[in-house]
Amino acid sequence: MEITTQQYKHCDLVWVSGRLDSATSPQLAAALQAITDTGRFKIVLDLSAVEFISSAGLRILIHAQKICKRYNRGQIILTNVPQNVYAALDLAGFTTLFKIMNDNLTAVGNI
Amino acid sequence: MEITTQQYKHCDLVWVSGRLDSATSPQLAAALQAITDTGRFKIVLDLSAVEFISSAGLRILIHAQKICKRYNRGQIILTNVPQNVYAALDLAGFTTLFKIMNDNLTAVGNI
Amino acid sequence: MRSCTFPGRYESLTKIASFIREAAREAGLDSFSIYTVETAVDEACTNIIEHSYQGENKGKIDLSCKIERSGLTIILRDDGIPFDPEQVPTPRLEGPLEERQGRGLGLYFMRELMDEVRFDFDEKTGNILTMVKYKEKHKG
Amino acid sequence: MRSCTFPGRYESLTKIASFIREAAREAGLDSFSIYTVETAVDEACTNIIEHSYQGENKGKIDLSCKIERSGLTIILRDDGIPFDPEQVPTPRLEGPLEERQGRGLGLYFMRELMDEVRFDFDEKTGNILTMVKYKEKHKG
Ligand SMILES: Nc1ncnc2c1ncn2[C@@H]1O[C@H](COP(=O)(O)OP(=O)(O)O)[C@@H](O)[C@H]1O
Ligand SMILES: Nc1ncnc2c1ncn2[C@@H]1O[C@H](COP(=O)(O)OP(=O)(O)O)[C@@H](O)[C@H]1O
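Cut-offs and rules
- Residues numbered from 1 in each chain as written.
- Chains lettered and ligands numbered in written order.
- Predicted model: local features only at pLDDT ≥ 70, side-chain atom pairs only at ≥ 80, totals over all residues.
- Heavy atoms only, no water.
- Helix = DSSP H or I, 4+ residues; strand = E, 2+ residues; numbered from the N terminus.
- Rg over C-alpha atoms; globule rule 2.2 N^0.38 Å.
- Buried < 20%, exposed > 50% of the residue type's maximum accessible area, 1.4 Å probe, protein only.
- Contact = heavy atoms within 4.5 Å.
- Areas by Shrake-Rupley, 256 points an atom, 1.4 Å probe, with all protein chains shown as cover.
- Lys, Arg positive; Asp, Glu negative; His and termini not counted.
- Charge placed at Lys NZ, Arg CZ, Asp CG, Glu CD.
- Pairing = 2+ DSSP bridges.
- Axes fitted to C-alpha atoms, helices over the stretch in contact; angles between N-to-C directions.
- Salt bridge = Lys/Arg side-chain N within 4 Å of Asp/Glu carboxyl O.
- Near = heavy atom within 4 Å.
- Polar contact = N/O pair within 3.5 Å; in protein donor to acceptor, adjacent residues only side chain to side chain.
- Nonpolar A, V, L, I, M, F, W, Y, C, P; charged D, E, K, R; others polar.
- Phe/Tyr/Trp six-rings, centres within 6.5 Å; stacked < 30°, edge-to-face > 60°.
- Least-squares fit on C-alpha atoms with pLDDT ≥ 70 in both.

Let us look at the overall build of chain C. Across its full length, chain C carries three helices and five strands. Here chain C has a C-alpha radius of gyration of 15 Å; the compact-globule value for 140 residues is 14 Å, and the two agree. Across its three principal axes, chain C shows a C-alpha extent of roughly 40 × 35 × 25 Å. Residues counted as buried form 47% of the 140 residues belonging to chain C. Intrachain contacts of chain C at a sequence separation of at least 6 include 62% that bridge at least 24 residues. In the structure as shown, chain C presents an accessible area of about 7400 Å², 48% of it carried by carbon and sulfur atoms. Within chain C, one finds 20 positive and 25 negative side-chain charges whose respective centroids are separated by 5 Å.

Below, the structure written as structure tokens:
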């Protein structure tokens, strides 16, 4: 798993690759918390390179989304969601809880 | 010349192609004014497909920049500036009057 | 029948995933079914480590696969504590964000993604979880 | 020596650009020099239409090119009003945005981009603008 974070004026773009399972999800949780801990709650999460996501990975996403959306501070937008990852989001009933966009430019421009 | 405008929440992205000379620059002026007339003053101008720019084209840019920057309302950021276009901006002493960025994502994220 | 034993820690999940994908491929499952089997097995193993053993490095996970004409049967064995799957409530899949939980999805995923899911608990054999995935044409 | 006459309107600028790029290429100018010549000629023709003819469709622009060993000589002729280039101030190239002008760059561009720029005004011949671009090795 690799995670890179790019800070923009309006938001942060997080790119994560590899497997999001019980072993690796804590790293993503830490990366997202590093952002929200600085008072930044608009996050674009690029999932293009995620090969696999388990409920442990989904748990991180929903937890971070709650943190970001509290008091209308912000949100997490998901981009470039691979089909398998989308299927997992859908199974958990999470697709209505995140804006899902096709590309980072649209997400960064609209968050 | 072709112009396309994409409206984002924070800004507008304008893509222009072809020659920016005395014949065509009025079209760009109109496209930019259509945006500023609606009270939107943050514009990312993607110059990647501009083949040629004369002082008539530069005049449009500086005029629009004045409109956008007035009262600190916004700015025009230039992206993907071809070498020849950059040379013209440089000759006119305009490179210090615009932020010039390498890609639209960075510009949209930071405008 | 192919079997493999893995240490009960999260690090094993990647190797377990490779093992199970390989078996699912050989069983002739389509690529989306392979992904669903990978997910169900990941959820099952995570639960064994987290709930049955109550932590990492407490015990082993035995994984066996039976490739059959109709599909793939997966058997997971561990020596942790038993539990009553009937007592586990189904997660809430609708409603506003604040009322949604990141917890409680694992068992639901297993049941949704596999065609059969059966738990057997026995002092002698340990806990046994059997999951079956059928090929498309053997369904229903 | 190649010549061409264009109607004095902005629409002609694209054709003028093609004509001049072709000549500059044949003269052996490098690609950046070709672009600078294209720019200088565009500025000159725009000025002829805008200032000499004071509008579109008032007269013609004669464009001639001489390809020489040392570079390219361009001659532009029009029948509009003469002007005194010495009276044109150089534009301000520094300072804050509010003090900068979009106007007044054309003549400056021509002078910066070409190696020689000369205006001749005569009742009989009309206005003649001669611009020369040398190849790198013939400079200085
Ligand atoms: N292998 C297991 N051993 C013991 N208890 C389990 C096992 N699997 C599931 N459980 C119980 O069922 C509950 C629901 O499991 P699950 O749906 O995977 O969600 P989560 O693991 O997020 O709680 C667990 O909290 C646990 O109490
Ligand atoms: N061909 C021309 N005929 C008449 N006047 C000219 C011509 N070219 C330039 N001028 C005069 O010189 C001034 C400066 O020209 P220029 O530097 O091209 O800037 P601009 O055209 O933006 O004013 C013009 O405003 C005009 O008064």
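Right, let's talk about helix H3 (residues 106–113) of chain C for a bit. Of all eight residues in H3 of chain C, six are buried; the element is thus mostly enclosed. Regarding H3 of chain C, the residues found buried are Gly106, Leu107, Tyr108, Phe109, Met110 and Leu113 of chain C. Looking at the buried positions of H3 of chain C, the neighbouring elements they touch are helix H2 (55–69) and helix H3 (83–91) of chain A together with helix H2 (31–52), strand S4 (116–122) and strand S5 (126–134) of chain C.

The strand order S1-S2-S3-S4-S5 (chain A) describes an open sheet built from five strands, whose pairing is mixed. In this open sheet, the two edge strands, each paired with only one partner strand, are strand S1 (2–7) and strand S5 (99–101) of chain A. With direction set aside, neighbouring strand axes in the sheet form an average angle of 25°. Relative to strand S3 (residues 42–53) of chain A, H2 of chain C is tilted by about 100°, and along the sheet it contacts strand S2 (12–20) and S3 of chain A.

Let us now look at the pattern of salt bridges. Taken as a whole and assessed by the stated rule, the structure comprises 26 salt bridges over all chains. Here Asp12 of chain B and Arg40 of chain B are joined by a salt bridge, their closest N and O atoms 2.5 Å apart. Taken as a pair, Asp12 of chain B in strand S2 (residues 12–20) and Arg40 of chain B in the loop between helix H1 (25–36) and strand S3 (42–53) lie far apart in primary sequence, 28 residues in all. Accessibility classification places Asp12 of chain B together with Arg40 of chain B in one group, the buried group. For the salt bridge of Glu38 of chain C with Arg21 of chain C, the shortest nitrogen-to-oxygen distance reads 3.0 Å. A residue pair is termed long-range when its members are at least 10 positions apart, and Glu38 of chain C in helix H2 and Arg21 of chain C in helix H1 (residues 12–26) qualify at 17 residues. Through salt bridges that share partners, Arg19 and Asp21 of chain A together with Arg21, Glu38 and Asp42 of chain C make up one connected network.

Residue and element names in this part refer to chain D. Strand order in this open sheet of five strands is S1-S2-S3-S5-S4, and the pairing throughout is antiparallel. Only two strands of the sheet have a single neighbouring strand rather than two, namely strand S1 (2–7) and strand S4 (116–122). Sheet twist, expressed as the average angle between the axes of neighbouring strands with direction ignored, equals 15°. When strand S2 (residues 60–68) meets strand S3 (residues 71–78), the two strands line up antiparallel, connected through seven bridges. Note that in S3 the partner of Lys66 across the bridge is Thr73. Each of S4 and strand S5 (126–134) touches helix H3 (residues 106–113); the most contacted strand, S4, lies at about 125° to it.

Around ligand 2, the neighbouring residues are Arg59 of chain B together with Asn47, His51, Ser52, Phe83, Val88, Arg103, Gly104, Leu105, Gly106 and Leu107 of chain D. With respect to ligand 2, the backbone of Gly104 of chain D contributes an N or O atom lying 2.9 Å from an oxygen atom. Within the backbone of Leu107 of chain D, one N or O atom sits 2.9 Å away from an oxygen atom of ligand 2. Burial of ligand 2 by the protein chains amounts to 81% of its free accessible area of 530 Å². Every element with two or more residues in the shell around ligand 2 is listed here: helix H2 (31–52) and H3 of chain D. Examining the composition of the shell around ligand 2, we find that three residues originate from one element, H2 of chain D, more than from any other. Each residue belonging to the shell around ligand 2 can be placed in one class, and the counts come to four nonpolar, five polar and two charged.

For the structure shown, the criterion picks out 12 aromatic pairs over all chains. Here Phe52 of chain B and Tyr35 of chain D contribute two aromatic rings whose centre-to-centre distance is 5.7 Å and whose plane-to-plane angle is 65°, an arrangement assigned as edge-to-face. In this pair, Phe52 of chain B sits in strand S3 while Tyr35 of chain D sits in helix H2, so the two residues belong to two different chains. Exposure class is identical for Phe52 of chain B and Tyr35 of chain D. Each is buried. A centroid spacing of 6.0 Å and a plane angle of 10° characterise the contact between Phe119 of chain C and Phe121 of chain C, whose relative ring orientation is stacked. Residue classification places Phe119 of chain C among the buried residues on the basis of a relative accessible area of 19%. In textbook terms, an aromatic cluster arises when at least three aromatic residues are bridged by ring pairs, as seen for Phe83, Phe119 and Phe121 of chain C.

On to the relation of the copies chain A and chain B, then. The two copies are related by a screw operation: chain A maps onto chain B through 180° of rotation and 0.0 Å of translation along the axis, at an RMSD of 0.0 Å. Expressed as an axis order, the relation between the two copies is that of a two-fold axis. The C-alpha atom lying nearest the rotation axis in chain A is that of Leu105 of chain A; the distance is 2.6 Å. By residue overlap, the copies meet face to face through one surface: 100% of the interface positions of chain A are interface positions in chain B.

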